[in-house]
Amino acid sequence: MVLVIYSYICRMKTAIVGGGAAGFFLAVNLKELVPEMEVVIFERSSRVLSKVAVSGGGRCNCTNSFAAVRDLSQVYPRGHRLMKRLFNGFDHQDAYRWFERHGVPLVTQEDECVFPKAQDAQAIVGCFLSHARRYGITICTQQKIQSLEQLRGFDFVAVTTGGSPKGEGLRWLAELGHEVEPPVPSLFTFAVADSRLHDLMGLVVDDAAVHIPGTKYRADGPLLITHWGMSGPAILKLSSYAARHLADCGYKAPLSVRWVGQGEGDVQAALYEQTVRQPQKQLTTYCPFGLSVRLWSYLAEKALGGRSTCRWRELNKKDINRLVNVLCNDAYDMAGRAAFKDEFVTCGGISLKAVNAATLESRHVPRLYFAGEVLDIDGITGGFNFQAAWTTACTVARSIAQNDCLL
């Protein structure tokens, strides 16, 4: 049931600081809940929704089916407990229905990621802008808000400014008493100083697994080899899980890669079997486990050096063990990080201790709310960050509407 509340007594005003996904979603929902509310969006740059326009390679992975998610901690390294609570009011299914109801048909891919059926982020951007015009939402660009004094005259303020990589955008909020979790990058690719690996750029391994030795941080999924190191869902997920750890390490840490989707025992048995079935073939002419010729040749040379050109029957026990190790526990050194295209997600922000968990209203300043990435909530790749934006923005819209009813 859609909650509709009207303000008959006087025309209330809400300022939304941030013209991104969460800001527009909040504005549209608020106008639908309280049509009499005057809503103004303040955007620091000259353009609104620019991050939405480039997200998902220009297609906008706007949510996820969550079909493969057993626990929200899998996809929200920070903020999963709060998200679980807020999902009771607005979850991924609600988001799916919301966009279709507002003129954006969606489609769910085999990997459970949800995109506009048009496969174009402009479908989402256009939806927000058209509804903003329809509802009379005022949009003010090139407006840098650094204090509540700039918003005098507004009855409610919602901050949806997104991540703040350097923390500068959070200073005025910290000065109001809000605890701030230091922001650090999340969702980035790994630089690896290995020229031989770089020569394999463009190769994708569908069933890889990566982890940081000596820690609990691990992830699996497709892995892409790039001209600077490694990318793909497995790496991006690991960067999210280990965001603070890697920041503390200066983005220089050991990295272990499992190139095959089998355990060491099965890999060893398969290699021994090939020494019997293909004894006369040269090692690098037969690629086990579905690996590409180039990757298998690289790994064989890394494990055996000059002996990588031998025949299968010439492999001894030590050779087999070295091949098993490079296939299941290949070692690299992370030499830095790189941003993922034009997208950027920040771990950190306004501490969840600083807000009311049910309404997302500030515990320090009445009628001040937070939604989106400005909060210390962030997810892995796959549409989960946008879903956090929709869920928190809807929560704030409903909270303001209910608060307005009580004024």
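Quick caveat, the model's predicted, so the values are computed rather than measured.

Participant: When you look at the overall build of the protein chain in this model, what are you seeing that I'm missing?
Facilitator: Assigned secondary structure in the protein chain consists of 13 helices and 16 strands. Structurally, the protein chain occupies a C-alpha span of about 90 × 40 × 35 Å along its principal axes. Buried residues in the protein chain amount to 51% of all 407 residues. In the protein chain, the proportion of contacts linking residues at least 24 apart, taken out of those at least 6 apart, comes to 77%. Surface summary for the protein chain: the accessible area is close to 18,300 Å², and the carbon and sulfur share equals 49%.

Participant: Explain helix 12 (residues 317–328) to me, please; I cannot follow it from the model alone.
Facilitator: Because an α-helix completes one turn every 3.6 residues, residues spaced three or four positions apart along the sequence face the same direction. With 12 residues, helix 12 ought to run about 16 Å at 1.5 Å a step, and its terminal C-alpha atoms sit 16 Å apart, in line with that. Within the sequence span of helix 12, burial applies to D319, I320, L323, V324, V326, L327 and C328. Capping of helix 12 at its N-terminal end is provided by N316; its side-chain oxygen lies 3.0 Å from the backbone amide nitrogen of K318.

Participant: Would you explain the packing of helix 11 (residues 293–304) against helix 12 in this entry?
Facilitator: To describe two helices that pack against each other, one gives the angle between their axes and the distance between the axes. As a packed pair, helix 11 and helix 12 sit with axes 9 Å apart at the nearest point and diverge in direction by 125°. If you check the angle between helix 11 and helix 12, you find them oblique. Seen from above, helix 11 lies across helix 12 with right-handed handedness. Residue-level inspection shows W296, L299, A300, K302, A303 and L304 of helix 11 in contact with helix 12, the latter providing D319, R322, L323, V326 and L327.

Participant: Could you clarify how one ought to interpret the sheet that holds strand 1 (residues 13–17) in this entry?
Facilitator: Adjacent strands of a sheet form backbone hydrogen bonds with each other and so pair up, either parallel or antiparallel. Ordered in space as 6-2-1-7-16, the five strands form an open sheet in which the pairing is parallel. With one partner strand each, in any of the chains shown, strand 6 (138–140) and strand 16 (368–370) form the two edges of the open sheet. Between one strand and the next, the sheet's axes are offset by a mean angle of 20°, whatever the strand orientation. Pairing geometry for strand 7 (residues 156–159) and strand 16, over three bridges, is parallel. Counterpart to V157 in the pairing with strand 16 is L368. Strand contacts of helix 1 (residues 21–33): strand 1, strand 2 (38–42), strand 6 and strand 7, with the helix running at about 175° to strand 2, the strand carrying the most contacts.

Conventions adopted
- Residues numbered from 1 in each chain as written.
- Predicted model: local features only at pLDDT ≥ 70, side-chain atom pairs only at ≥ 80, totals over all residues.
- Heavy atoms only, no water.
- Helix = DSSP H or I, 4+ residues; strand = E, 2+ residues; numbered from the N terminus.
- Buried < 20%, exposed > 50% of the residue type's maximum accessible area, 1.4 Å probe, protein only.
- Contact = heavy atoms within 4.5 Å.
- Areas by Shrake-Rupley, 256 points an atom, 1.4 Å probe, with all protein chains shown as cover.
- Expected span 1.5 Å × (residues − 1).
- Polar contact = N/O pair within 3.5 Å; in protein donor to acceptor, adjacent residues only side chain to side chain.
- Axes fitted to C-alpha atoms, helices over the stretch in contact; angles between N-to-C directions.
- Parallel < 35°, antiparallel > 145°, perpendicular 65-115°, else oblique.
- Left-handed = near helix turned anticlockwise from the far one by under 90°.
- Pairing = 2+ DSSP bridges.

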